[in-house]
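# Coordinate analysis (summary)
Letter by letter, the chains look like this.
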Number of protein chains: 2
Amino acid sequence: MEAKKNTVEKICEMQTALDILGGKWTFLIIYALLDGKKRFKELERAVTGINTRMLVKELKNLEDHQILTRTAFATVPPTVEYSLTDKGRDLEATMKYLYKWTKDWM
Amino acid sequence: MEAKKNTVEKICEMQTALDILGGKWTFLIIYALLDGKKRFKELERAVTGINTRMLVKELKNLEDHQILTRTAFATVPPTVEYSLTDKGRDLEATMKYLYKWTKDWM
DNA sequence: TACAATAGTGTACCTACTTGCAAAAGTAAA
DNA sequence: TTTACTTTTGCAAGTAGGTACACTATTGTA
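Residues numbered from 1 in each chain as written. Chains lettered and ligands numbered in written order. Predicted model: local features only at pLDDT ≥ 70, side-chain atom pairs only at ≥ 80, totals over all residues. Heavy atoms only, no water.

## Things to note about the interface of chain B and chain A
Each side of the interface is counted separately: chain B has 43 residues, and chain A has 43 residues. Carbon and sulfur atoms make up 73% of the area that chain B and chain A hide from each other, which totals about 4200 Å². In this structure, the connection of chain B to chain A is made through zero salt bridges. Linking chain B with chain A are 14 residue pairs in polar contact (both at pLDDT 80 or more), by the criterion used here. Mapped onto the side of chain B that touches chain A, the elements with two or more residues apiece are α1 (2–21), α2 (26–33), α3 (40–46), α5 (86–89) and α6 (92–105) of chain B. It is α1 of chain B that provides the largest number of residues to the side of chain B that touches chain A, a total of 14 residues. Considered class by class, the residues forming the side of chain B that touches chain A number 25 nonpolar, seven polar and 11 charged. (Contact = heavy atoms within 4.5 Å. Buried area = accessible area lost by both parts, 1.4 Å probe. Salt bridge = Lys/Arg side-chain N within 4 Å of Asp/Glu carboxyl O. Polar contact = N/O pair within 3.5 Å; in protein donor to acceptor, adjacent residues only side chain to side chain. Helix = DSSP H or I, 4+ residues; strand = E, 2+ residues; numbered from the N terminus. Nonpolar A, V, L, I, M, F, W, Y, C, P; charged D, E, K, R; others polar.)

Below, the structure is given as structure tokens:
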């Protein structure tokens, strides 16, 4: 009963994380940013299949949760850079193992 | 351009994995099974907040993709055990790092 | 003069995920 | 006799997540 209770608790904690990360595109966006900052259009090209609307929405979501930062430059046409915070970059291990699993099993 | 192309490819591959794993409850169910097989009701209690309908659906989904196996026993009342396959258990590292991140940042 | 480029916004729509509730079967225990 | 237990399924309904497409501003280039 002891170990079981711990599992339940852990699952509850993870639910809060997955509320943020569990979207259809969230992991992919973070993964795309692991190798450095990217501009909006670069992300749109990197994450195949996503549309503008969802990318905007997800970026806002991730910024709200301090997983990435947004930096806008007043150029013409405008330039905006997105890059992971420490919190975001700390998902690297998770992402790498997820990719490894994908390679091994899919 | 070279490294970038690789990222795009990796993201495409991961999309196929996330099509299976990306549900609201999927990760949590797998996490619950990491420490051994569980019966249906045990899972329902472990994954706080899930309802019967979704659990059935997700278990079927995961079984279809060989991430877990279902074993039914003709007892009364019926007993059904779910346990991870090798493919499923191989998500352990991913899950553990995800939990670690949760603990560190949430 | 027309077009391309960037980073979005506005509007409208849609469907698929998710939920709630009730019911089945058969035995054991109160 | 009634209730409880387990593993589902059926039905009906709701909501949020996701999609499509057009449009803005400003400058440089062909």
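## Examining the environment of Asp86 of chain A
Its location among the elements puts Asp86 of chain A in helix α5 (residues 86–89). By relative accessible area, Asp86 of chain A is classed as exposed at 56%. (Buried < 20%, exposed > 50% of the residue type's maximum accessible area, 1.4 Å probe, protein only.)

## Side note on the protein's contact with DNA strand D
Close contacts around DNA strand D come from 20 residues, with Lys24 of chain A together with Lys41, Thr52, Arg70 and Tyr82 of chain B the closest. Sugar and phosphate atoms form 62% of the subset of DNA strand D atoms that lie within 4 Å of the protein. Within the side chain of Tyr82 of chain B, one N or O atom sits 2.5 Å away from a phosphate oxygen of DNA strand D. Looking at the surface near DNA strand D, the elements that each hand over two or more residues are α4 (52–64) of chain A together with α3, α4 (52–64) and β3 (79–84) of chain B. The element best represented in the surface near DNA strand D is α4 of chain B, accounting for four residues. Here the surface near DNA strand D is composed, by residue class, of nine nonpolar, three polar and eight charged. (Near = heavy atom within 4 Å.)

## Here's the deal with the UniProt feature "domain: HTH hxlR-type" (unreviewed entry) in chain A
Under the feature "domain: HTH hxlR-type" (unreviewed entry), the UniProt entry names residues 12–106 of chain A. This span, residues 12–106 of chain A, is 59% helix and 15% strand, and a straight line between its end C-alpha atoms measures 29 Å. (UniProt positions renumbered as here; feature names shortened; annotations may be inferred.)

## Details of a positive patch on the surface
All names here are of chain A. A cluster of basic residues, Arg53, Lys57, Lys60 and Arg70, forms a positive patch at the surface. Sorting elements by how many residues they give to the positive patch places α4 first, with three residues. Positionally, Arg70 belongs in strand β2 (residues 68–73). (Patch = residues over 30% accessible without salt bridge, like charges linked within 9 Å, V, L, I, M, F, W, Y side chains within 5 Å. Areas by Shrake-Rupley, 256 points an atom, 1.4 Å probe, with all protein chains shown as cover. Lys, Arg positive; Asp, Glu negative; His and termini not counted. Charge placed at Lys NZ, Arg CZ, Asp CG, Glu CD.)

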